[in-house]
Structure formats: structure tokens, C-alpha cells
Amino acid sequence: MTFLVAGATGTVGRHVVDQLLGAGLPVRALTRDPGRARLPEGARAVRGDLTDPDSLVPHLEGVVGLHLITFGGDDYAPLDTAPRIVELAERAGVRRVTVLCDFHPGPVEEALAASPLSWTLLHPVEFMANTLDWAGSVVEEGVVREVRTHPSALVHEADIASVAVTALTEDGHGGRAYPLTGPEALTPGERVAVLSRAVGREIALVRTSPEEEAGRLRALGHDEEYIGFAARLAADPPEVGTRPLPTVEEVTGRPARGFAAWAEEHRDAFLGRG
């Protein structure tokens, strides 16, 4: 009953590792640099790279559940090695696969759909952890600068992991695609109010223009294609991201965590302590 977790050092992967360990299950945490992984005690960090599928071969031995992401490099390019990864997983006897992905099928989803493996797709609408992008300006200036105005039903990363762990360890989730949200849809202003209560001081919300946001993204090194995508998303978000869904509770049997809980857990980042 060993589980292999790709993206184990990522925002969601760390929670998947931690929750599998908490259930008393052995975990191999796949990472390109085990020496820098800093994983929970009990996790076995193993060196591997999704862009080099044969590097996974020794780590797939005895694995019954595999958690995947849809990219393998720092450029976030689609994982074109997916057919080989799926082939190796099938050959090794893997029974269940979960995939952290968006709503647009890519090579991983396509390879799994063509395989006999039991797969489950996890579609989070927005990570609560994206709020950490505000931490720098909150610490330095006490403000949040935001171009968006629409509500988002953003989801706690631990809840995404809980759905993954449930699908990896229980029957009944094969061939399912789960859209994942939190229990409430909050506007940026409402999120800032929650953060203000968590840190114990008022945080101001400053509305920025689309032109200012484009300039900020350029300064961060994003290309024009991404900047255009971000602008369209800010102006006309998909409806699925703006309304809460009961998926987390339906799959795990536990209510989804609210943003207030996330803010309390991460308050030190907005106080300049982490």
C-alpha cells in the first residue's frame, strides 16, 4: 500500500504527503532535489523527474496509488511524457491515479483516458494560497492592490489534498472529474476584510487598472500571452469559479475549510514573520 506523490514539494503535494502519512500509509515523495525537499517526517523523498519517465521506474515498484501534476519543469509546459508515465504506472501495477489539473485537458488527462487505470481529476477553481501574492504589499504598506472585483470560491489546499487522498485510498472515484471550491465566494474586498481581522489591523484595498496590472505582470517577467490571459480572466471569470460547490464534503465527508481558517493559519506571512 505504498503511494507515490509527484509535485510533493508543491502547494497541494505537501498536504497530500502529510495526509497520507497521517493515515499511516507509506509515502514516496517524488522530487528533483531530495536534499532540499524539507518534507514531513516519515516521508521518503526520492529523486525523479516527470520529464524523464524512466527515472520513475524504481519508485513505482509496489505503488498502488499515484498522485500526478500536469507539468514537469519550471516553465510549466504541458507534460508531453505523460503516455510513457501512464504506461510505466500500468506496468508497475498502480491501481489508482489522481491528477491536479485545470479545466482544459492536456497530455496527462488524455493518456489516462486511454488507459485501464482508475483515474480521478482534481479541478480546483483557485487556491487560497494565491492570496500570499498580497503578503509583500500588506507587510510593507498595509495595502492590497487588486484589479479583480468578482467573487471567487477559492479552495483551501488541504481540501484539495483531502479529495486526492480519498480518491487514492477508496473505491468509487474512478473516471470522475471533481471541480473543487471552498464553502463561500468572496470578493477581493471581503478577503481583505478577513485578512484584516486575522492580522489585527486594517488593510486597505487599492483598485488597480488593467494597464497597471499588465505592467506589474511584465515586471514579473510574464509574456504577453499570459498577460492577455490574465486580463481576460479578470474581466470575465468563468462561472464555475464564482459559486461554491459541495464537492469537497460529498467526497470526503467533511465540510470544506473557509477562508478565515486559512487566514489564521497564514497570518504570520502577512505580519512579516514568514
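Structural notes, computed from the coordinates. (Residues numbered from 1 in each chain as written. Predicted model: local features only at pLDDT ≥ 70, side-chain atom pairs only at ≥ 80, totals over all residues. Heavy atoms only, no water.)

1. Structural notes on the nonpolar core
Core analysis: the largest hydrophobic core is formed by 56 residues, its most contacted members being L50 and L68. Ignoring anything within four residues of it in the chain, the contact list for L50 reads A6, L30, L56, L68, I69, F71, G72, L79, T81 and I85. (Core = buried A, V, L, I, M, F, W, Y, C linked by side-chain atoms within 4.5 Å. Buried < 20%, exposed > 50% of the residue type's maximum accessible area, 1.4 Å probe, protein only. Contact = heavy atoms within 4.5 Å.)

2. So, the pairing of strand β4 (residues 63-69)
With 7 of 7 residues buried, β4 lies mostly within the body of the structure. Where strand β1 (residues 2-5) lies against β4, 4 bridges are found, and the strand directions are parallel. Counterpart to T2 in the pairing with β4 is V63. Sheet analysis places β4 next to strand β5 (residues 96-100), joined by 5 bridges and oriented parallel. (Helix = DSSP H or I, 4+ residues; strand = E, 2+ residues; numbered from the N terminus. Pairing = 2+ DSSP bridges.)

3. Quick notes on the pattern of salt bridges
Following the criterion strictly, the structure yields 13 salt bridges and no others. Residue R84 pairs with D54 through a salt bridge whose shortest N-O separation is 3.0 Å. One end of the pair, R84, is in helix α3 (residues 82-92); the other, D54, is in the loop between β3 (44-47) and α2 (57-60), and 30 residues separate them in sequence. On the accessibility criterion, R84 (29% relative accessible area) is partly exposed. Between E213 and R216 there is a salt bridge; the shortest N-O distance is 2.9 Å. One end of the pair is E213 and the other is R216, both in helix α8 (residues 210-219) and 3 residues apart, which spans about a single turn. One network of salt bridges, in which partners are shared, links D54, R84, E87 and R91. (Salt bridge = Lys/Arg side-chain N within 4 Å of Asp/Glu carboxyl O.)

4. As for the packing of helix α1 (residues 13-22) against helix α6 (residues 157-169)
Following both chains from N to C, one finds α1 and α6 inclined at 55°, their axes separated by 8 Å at the closest point. In terms of their interaxial angle, α1 and α6 are classed as oblique. Crossing of α1 against α6: the hand is right-handed. Touching H15, V16, Q19 and L20 of α1 are E157, A158, A161, S162, A164, V165 and T169, all from α6. Classifying every residue of the contact of α1 with α6 gives 6 nonpolar, 4 polar and 1 charged. (Axes fitted to C-alpha atoms, helices over the stretch in contact; angles between N-to-C directions. Parallel < 35°, antiparallel > 145°, perpendicular 65-115°, else oblique. Left-handed = near helix turned anticlockwise from the far one by under 90°. Nonpolar A, V, L, I, M, F, W, Y, C, P; charged D, E, K, R; others polar.)

5. Structural notes on the sheet that holds β1
One open sheet holds the 7 strands; their spatial order is β3-β2-β1-β4-β5-β6-β8, and the pairing between them is parallel. Each edge of the open sheet carries a strand with a single partner, namely β3 and β8 (176-180). Each adjacent strand pair in this sheet contributes to an overall mean axis angle of 20°, direction not counted. Against the sheet, α1 touches β1, β2 (27-31) and β4, its axis set at about 170° to β1. In the packing of α6 onto the sheet, the strands contacted are β1, β4, β5, β6 (118-124) and β8, and the crossing angle to β5 comes to about 160°.

6. Digging into the packing of α8 against helix α9 (residues 224-235)
Interaxial distance between α8 and α9 falls to 10 Å at its minimum, and their mutual angle equals 145°. Classified by chirality, the crossing of α9 by α8 is right-handed. Between α8, through A214, L217 and R218, and α9, the contact on the second element is made entirely by E224, Y226, I227 and A230. Looking at the contact of α8 with α9 residue by residue, the classes come out as 5 nonpolar, no polar and 2 charged.

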